[in-house]
Amino acid sequence: MTTKAGPDAPVLGIRALNRATLARQLLLGRAEMSAEAAVAHLVGLQAQNVKPPYHALAARLDGFTPRDLSEAMAGRRVARLVTLRSTIHTHTADDCLTLRPLVQAARDRELHAFRKGLAGVDLDRLAVLARELVEEEPRTMGQLREALLTEWPHADPQSLAVAARCRLPLVQVTPRGLWERSGQVRLTTAEHWLARPARPAPAPDGTVLRYLGAFGPASVKDMQTWAGLTRLREVFERLRPRLVTFRAPDGTELFDLPDAPRPEPDTPAPPRFLPEFDNLLLSHADRARVVPPAHKGRTWTGNQAHRVLLVDGFAAGLWKTEDDTLVVEPFGRLTKEDRARIAAEGERMLAVLHPEAAYGVRFGTVRV
């Protein structure tokens, strides 16, 4: 149920919401912070593929190089595992050990869809065996699946693998995730990889505050969409005395931290090249603050997200690389000034991520 804010709560228009969210996401001006600090501030980076976290940080940080994130990952200060929305995220070591327990109930519910393939399987025993296997040495999902099949030969192999992933916090060990060195996915537990004990599931209050700091102002439903959790209304109500409230244009109540930045709606927003599955595009129930209604659905094809170009803070096209060319496919006609700014930002991104290569920028056909 969407809760409507009271009549005295100030209304934040779409541009005000856009600028506030961009400021929290480090997309109004590049931040001077380490890759590890940015991953913590953003409460993780979605990372189904290896490259998106690097593209995400290149858009957000001043002085970033791919080595910065690779070294944090190789040093086990940052790792990749399944957390929010049952998707792979790049998290700090601290968040690997706290956010995963927070969403564990959702991973347990996920297993209900696989119960037919897990008939007769003792899930507690499966978790023990899987832990022993991956802590003995990191295993591929195929190796883990085959080992578990020897114990439950009549179970569905894929369901066994899913059960291990849901019951255990399985980290993808390096070199997987390293820039231009990524290898096959091999797994061990977060506790084993990080050499730190598991922690009990924390109260969600602190994560609500961190979410608002990175994605606010936001509704209860927004955070539930981001986290893949339900029943967070009581947490927001408990925190209400510490928060301020606003209204979205449709009247939905939005919560925020009192001292969080909320820039003026006319604050300049430079072009930014975002990777597929960027946090900015996936962390609100209502994405109109970034994706105009006219472009709704254009950043996806089936289950595949596209790389998105922001112009004036909003989704304005897609981008891709072809051989030695960055190809920009706008959703509409661009001004000469916009094209110049986009080209300059594209050249900067390419210089950060591929300093040894010579890329050009080309504007493709307007996508209709």
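As a reminder, the structure under discussion sits directly above these lines.
In this text, all values refer to a predicted model and were calculated from it rather than measured experimentally.

Draft legend 1. Quick look at the nonpolar core. In this structure, Leu-57, Phe-64, Leu-69, Phe-273, Ile-342 and Leu-353 are the most contacted members of the largest nonpolar core, which totals 35 residues. Only α2 (35-41), α3 (52-60), α4 (66-74), β11 (308-311), β12 (314-322), β13 (325-330) and α14 (336-353) provide two or more residues apiece to this core. Considering each element in turn, this core owes the most residues, six residues, to α14. In this structure Phe-273 touches His-55, Ala-59, Val-308, Leu-309, Trp-319, Leu-326, Val-328, Ile-342, Glu-345, Gly-346 and Met-349, once residues within four positions along its chain are discounted. Core analysis: the next-biggest nonpolar cluster, separate from the first, contains 24 residues, Val-43, Ala-106, Leu-239 and Phe-255 among them.

Draft legend 2. Here's a closer look at the sheet that holds β12. Pairing is mixed in the open sheet, where five strands are placed in the order β8-β11-β12-β13-β14. The open sheet is flanked by β8 (272-274) and β14 (360-363), the only strands paired with a single partner. Here the strands of the sheet are splayed against their neighbours by 30° on average, with no regard to which way each runs. Summarising the sheet, β11 and β12 pair through four bridges and their orientation is antiparallel. If you follow Val-311 over to β12, its bridge partner there is Phe-314. Most of the contacts of α3 go to β8, to which it runs at about 165°, and overall it touches β8 and β12.

Draft legend 3. Spotlight on unusual backbone geometry. In this structure, Pro-175 follows Thr-174 across a cis peptide bond, with omega equal to 20°. Inspection of the secondary structure puts Pro-175 in the loop between β4 (170-172) and β5 (187-189). In this chain, Gly-216 is followed by Pro-217 through a cis amide linkage whose omega measures -5°. The backbone of Arg-76 sits at a positive phi, close to 65°, despite the residue not being glycine. On the secondary structure map, Arg-76 appears in the loop between α4 and β2 (78-82). The phi dihedral of Glu-180 falls on the positive side, at around 60°, and the residue is not glycine.

Conventions adopted
Residues numbered from 1 in each chain as written. Predicted model: local features only at pLDDT ≥ 70, side-chain atom pairs only at ≥ 80, totals over all residues. Heavy atoms only, no water. Core = buried A, V, L, I, M, F, W, Y, C linked by side-chain atoms within 4.5 Å. Buried < 20%, exposed > 50% of the residue type's maximum accessible area, 1.4 Å probe, protein only. Helix = DSSP H or I, 4+ residues; strand = E, 2+ residues; numbered from the N terminus. Contact = heavy atoms within 4.5 Å. Pairing = 2+ DSSP bridges. Axes fitted to C-alpha atoms, helices over the stretch in contact; angles between N-to-C directions.

Interpretation in functional terms is not warranted from these geometric data alone.
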